[in-house]
Amino acid sequence: MAAVGKPFGAMSAVEIHAGLAAKDFSAAELTDSVLDRIRRRDEKVHAFLEVTVDAAKAQAAHIDAAIASGAFAQMGPLAGVPVAYKDNMNMTGTHTTCSSNMLQNYVSPYTCTPVQRTLDAGMIPLGKLNMDEFAFGSSTETSAFGPTCNPWGLTHVPGGSSGGSAAAVAAGLVPLSLGSDTGGSIRQPASFCGVVGVKPTYGVVSRYGIVAFGSSLDQVGPFARTVEDAAQLLNAISGHDPLDCTSQPVGVDFAANLAEGVRGMRIGIVPAFMEAKGLTPEVKAKVQEAADKLQAQGAEIVEVQLPNAQAAMSAYYVLGPCEAFSNLARFDSVRYGYCDPGHADLGSQYEASRSKGFGDEARRRIMLGSYLLSAGVYDKYYYPAQQIRTLITKDYSDAFQKVDCILAPVAPRTAFEFGEVTDPTEMYLSDMFTISINIAGNGGMSMPVGLGADTGLPVGVQLISAAFRDQDMLRVAAALEREYGPACVAPDFASEGGDAE
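Along each chain, residues carry numbers from 1 onward, in the same order as the chain's sequence is written. Local features in this predicted model are restricted to residues whose pLDDT is 70 or higher, and side-chain atom pairs enter the listing and the counts only when it is 80 or higher, whereas totals over whole chains, interfaces and linings include all residues. As a convention, hydrogens and water are excluded, and side-chain values are obtained from all of the structure's heavy atoms.

1. Concerning the overall build of the protein
The criterion, for reference: Under the DSSP-based scheme used, a helix requires at least four consecutive residues in state H or I and a strand at least two consecutive residues in state E, with every element numbered from the N terminus. To get the radius of gyration, use the C-alpha atoms; to get the globule rule, take the number of residues to the power 0.38 and multiply by 2.2 Å. Relative accessibility under 20% of the residue-type maximum defines a buried residue, over 50% an exposed one, and the middle range a partly exposed one, all with a 1.4 Å probe and only protein chains included. Here a residue-residue contact requires only that any non-hydrogen atoms of the pair lie within 4.5 Å. Under the convention used here, a 1.4 Å probe and the Shrake-Rupley method define accessible areas, while residue burial counts only the protein chains that appear. We treat Lys and Arg as the positive residues and Asp and Glu as the negative residues; His and chain ends play no part in the count. The atom standing in for a charge is NZ when the residue is Lys, CZ when it is Arg, CG when it is Asp and CD when it is Glu.
Each helix and strand in the protein was counted, giving 16 helices and 11 strands. In terms of overall size, the protein behaves like a compact globule, its C-alpha atoms giving a radius of gyration of 22 Å where 501 residues would be expected to give roughly 23 Å. Its C-alpha atoms give the protein principal-axis dimensions of roughly 65 × 60 × 45 Å. Counting the 501 residues in the protein, one finds 61% classified as buried. A sequence separation of at least 24 residues applies to 76% of the contacts in the protein between residues at least 6 apart. Carbon and sulfur atoms make up 53% of the accessible area of the protein, which amounts to about 18100 Å² in all. Averaging the locations of the 36 positively and 54 negatively charged side chains of the protein gives two centres separated by 3 Å.

Structure follows, in structure tokens:
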């Protein structure tokens, strides 16, 4: 049991760091307890693909030595806090599988920049988390190693593709995790699992060492149960990286303005989103409720138009598969990945290895990308998709001349049951409200606002910021958190479940 009788699984990152600083418990005690909780509880959730016991204990010993020497106070606000990573993030000596048979036995020879920055911040690495194969999916059902379950209802999906990252935080297995978002893959699972999930502006976080899906769309971001925890983790991983030419110097403390409130802010509502076909009444009601609460705190609610956002889905499913086709070409059974044995020529080896190594959804997107980039098709689809991208980006730029932040749904519904959505097009519609933000490159996040009236499952609202104004959406999220309270561990996982006495 942690300090003041609160289980480690229910503690925020800020509380854990404070407890270590006060010597209420040691990093070794914390780590042993968290590892034991994962061992006991993750059998039901299947969030972890690999638990890095040795690395976690080594970092804990380093933290305890810093506490003993008095150096801990200079280590920063996340020192000693456990964290886990989506399994498309390279970390030296761990398997980086992207939840695919293609990379089942691949061991990382280096560490990606976001992971390295958490280690440099003194965080305790717990392991790698399940995901949709190569981040292709919205439910974590495409993982070659089995799906992750939603801690709020084990027969329901956790969302995707960062389902393991969201579920691990919702189940209290880890206070913080990292995921990646190409079209909604942080925000949608955060909404389904009732946690905070942040997709920063493109360029805020380095992509170096992340296995790429869509290089112009991917962005790494945090999952947490409080806005402050998410902001602190974003502080730790953000900033320019010479190894990623798209990363930018940030120079912002994302936690600095969380207490300022929203009085005087202008919050945008997009009528077309609120009237979209497929948006369920319980989700719409929660978005409207959040708007009312912000207005009551002194914000002005303003309608804004995004006239080209309706074309975002079409543009995304041209741009995304084209970039995926290019990025996955490296997995050819010779340099990387599964190699099917017994072939006399290279062509048949390629065909068999890629057919067996990739799952159905990965093959679907590779084939679509190959078609879209072929002669005679490229000009018909790829160029218009890029033109639409420019128009969507301008729509958001125009909107943010009028408002400080936009409030919208994250997903059209709450978490669905396993096997309920089998049509690929219907699955793609899970990201109907999130994709345009990746196309434009703006910041977006999911903030939990309670449970749906009809399903009793978590609902998140989406907050969208102007490019490189991510602190604005975090400020609004903090205001909502004061109304709704911080996210809690899912009820079935709220007991100790292996936390040390």
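2. Considerations on the packing of helix α4 (residues 113–120) against helix α7 (residues 227–237)
This is how the line gets drawn: Angles shown run from 0 to 180 degrees and are taken between the N-to-C directions of axes, each axis being a line fitted to C-alpha atoms and, for helices, limited to the stretch in contact. Relative orientations are named as follows: roughly parallel for angles under 35 degrees, roughly antiparallel for angles over 145 degrees, roughly perpendicular for angles from 65 to 115 degrees, and oblique for any other angle. For this classification, Asp, Glu, Lys and Arg are treated as charged, while Ala, Val, Leu, Ile, Met, Phe, Trp, Tyr, Cys and Pro are nonpolar and the rest, including Gly, are polar.
Where α4 meets α7, the closest approach of the two axes is 8 Å, and the angle between their N-to-C directions is 110°. Relative to α7, α4 is oriented roughly perpendicular. Contacts from P114, R117 and T118 of α4 reach α7 at L233, A236 and I237. For the contact of α4 with α7, the per-class residue count stands at four nonpolar, one polar and one charged.

3. Focus on the sheet that holds strand β11 (residues 458–465)
The condition is simple: Each pair of strands is called paired provided DSSP finds at least two bridges between the two strands.
The strand order across the open sheet built from 11 strands is β1-β3-β2-β4-β6-β5-β10-β11-β9-β7-β8, with neighbouring strands paired in mixed fashion. Of all the strands in the sheet, just β1 (48–51) and β8 (300–303) have a single pairing partner and so form its edges. Strand-to-strand twist across the sheet, computed as the mean angle between neighbouring axes with direction ignored, equals 30°. In this fold helix α2 (residues 27–45) packs onto β1, β2 (82–86) and β3 (124–129), with an angle of close to 20° to the strand it touches most, β3.

4. Here's the deal with the environment of L457
In this fold, L457 is placed in the loop between β10 (443–451) and β11. Residues L457 and G153 lie 304 residues apart in sequence; the distance between their C-alpha atoms is 8.0 Å. L457 has contacts with W152, H156, T414, A415, G450, L451 and G452, leaving out every residue within four places of it along the chain.

5. Thoughts on the pattern of salt bridges
This is how it is decided: Salt bridge, as used here, is a side-chain nitrogen of Lys or Arg placed within 4 Å of a carboxyl oxygen of Asp or Glu.
What the rule picks out here adds up to 20 salt bridges. Here D181 ties to R187 by a salt bridge, and the two come within 2.9 Å at their closest N and O atoms. We classify D181 as buried; its relative accessible area is 0%. Residue R413 is joined to E420 by a salt bridge in which the shortest nitrogen-to-oxygen separation is 3.0 Å. Given the relative accessible area of 40%, E420 is considered partly exposed. Look at the salt bridges and you will find they share partners, linking D36, R39 and R40 into a network.

6. Focus: empty space enclosed by the protein
To keep things clear, this is the line we draw: Cavities and pockets are found on a 1 Å grid laid over the protein atoms alone: a cavity is a set of points where a 1.4 Å probe fits but cannot escape, a pocket is an open set with protein on both sides within 12 Å along at least five of seven lines, and a lining residue has an atom within 4 Å of such a point. Grid points are joined across faces, edges and corners, and a volume is the space filled by probe spheres set on the points.
Here the structure, examined in full by the defined rule, presents three cavities of 30 Å³ or more. Along the walls of the largest cavity sit A135, G137, S138, G183, G184, S185, F213, Y316, Y317, R365 and D431, which together make up its complete lining. Broken down by class, the residue content of the lining of the largest cavity amounts to four nonpolar, five polar and two charged. One number sums up the size of the second largest cavity: a volume of about 40 Å³. Around the second largest cavity, the lining residues are F8, G9, M11, I16, L30, V34, G172, L173, V174, P175 and R225. Taken together, the residues of the lining of the second largest cavity sort by class into eight nonpolar, two polar and one charged.

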